[in-house]
Amino acid sequence: QVQLVESGGDLVQPGGSLRLSCAASGSSLNLYDIGWFRQAAGKEREGVSCVASDGREIYADSVKGRFTISWDEAKNTMYLQMNSLKPDDTAVYSCATASLVLGSTCVPSDLSSWGQGTQVTVSS
């Protein structure tokens, strides 16, 4: 059974950067398997980024141009580089397997396994 562990969340000032990691163990995955999601307090979960089966990198409109998803196959780890962070980026960020792309949105599936999440707080 695959296990996901996120790390890299922190308190950062507006305009700052963070790199989140999602380390997978228990199964060999590929970059199409894992998506990044976030949930802010009092809000619904939002798909942040994932990679479609045709290789397209999918980003939520709110993070386009600021976030970059990447995959290290040797480490079985997915990354999310977040630049120019804004207070609205404050949320618990989680990665999930078996994510899907619907149109231009990343969504989890009934088969998704989740990590524990990592808190990102953007505040001065």
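Above this text is the structure in question.
**Q** Sorry if this is basic, but what is going on with the environment of A98 here?
**A** The topology assignment puts A98 in the loop between β9 (91-97) and β10 (100-102). For A98, a relative accessible area of 24% corresponds to the partly exposed category. Each C-alpha atom of the pair A98 and W114 lies 9.7 Å from the other, and the pair is 16 residues apart in sequence. Among residues more than four places away in sequence, those in contact with A98 are D33, P108, S109, L111 and S112.

**Q** Help me out: how do you make sense of the pattern of salt bridges in this one?
**A** Where side chains of opposite charge bring their charged atoms close, a pairing between them can arise. Counted under the stated rule, the structure contains 5 salt bridges. A salt bridge links D89 to R38, with the shortest nitrogen-to-oxygen separation between them at 3.0 Å. Of this pair, D89 sits in the loop between β8 (77-82) and β9 while R38 sits in strand β4 (residues 34-39); the two residues are 51 residues apart in sequence, bridging distant segments of the chain. Using a relative accessible area of 2% as the deciding quantity, one classes D89 as buried. According to the relative accessible area criterion, R38 is buried, its value standing at 6%. The salt bridge involving D54 is made with R56; its shortest N-O contact spans 2.9 Å. A relative accessible area of 52% places D54 in the exposed class. Classification of R56 by relative accessible area gives partly exposed; the value is 40%. Taken together, the salt bridges that share partners define one network made up of R38, E46, R66 and D89.

**Q** Is there a simple way to think about the side chain of R66 in this case?
**A** Relative to the elements of secondary structure, R66 occurs in the loop between β6 (57-59) and β7 (67-72). The class of R66 is buried, set by a relative accessible area of 10%. Look past the residues within four positions of R66 in its chain and what remains in contact with it is Q81, M82, N83, S84, L85, K86 and D89.

**Q** Please explain the nonpolar core as it appears in this structure.
**A** Nonpolar side chains in soluble globular proteins tend to end up buried together. Among the nonpolar cores identified, the biggest contains 27 residues, and L4, I34, W36, F67, L80, M82 and Y93 are the most heavily contacted of them. Taken together, the elements giving at least two residues each to this core come down to β3 (18-25), β4, β5 (46-51), β7, β8, β9 and β12 (118-122). Top contributing element to this core by residue count: β3, with 4 residues. Dropping the residues within four chain positions of it, F67 is found in contact with R38, V48, Y59, L80, Q81, M82, N83, L85, D89 and Y93.

**Q** Looking at this structure, I do not really get the pairing of β4. What am I missing?
**A** For a regular strand, the rule is simple: side chains alternate between the two faces of the sheet. The buried fraction of β4 is high, at 5 of 6 residues. For β4 and β9, the ladder comprises 6 bridges, and the chain directions are antiparallel. The residue bridging I34 from the neighbouring strand is T97, located in β9. Inspection of the sheet shows β4 paired to β5 by 3 bridges, in the antiparallel sense. Looking at the pairing, W36 lines up with S49 of β5. With antiparallel pairing between neighbouring strands as the criterion, β4 and β5 make up a hairpin whose turn holds 6 residues, including G42 at a positive phi of roughly 80°.

Rules used throughout
Residues numbered from 1 in each chain as written. Predicted model: local features only at pLDDT ≥ 70, side-chain atom pairs only at ≥ 80, totals over all residues. Heavy atoms only, no water. Helix = DSSP H or I, 4+ residues; strand = E, 2+ residues; numbered from the N terminus. Buried < 20%, exposed > 50% of the residue type's maximum accessible area, 1.4 Å probe, protein only. Contact = heavy atoms within 4.5 Å. Salt bridge = Lys/Arg side-chain N within 4 Å of Asp/Glu carboxyl O. Core = buried A, V, L, I, M, F, W, Y, C linked by side-chain atoms within 4.5 Å. Pairing = 2+ DSSP bridges.

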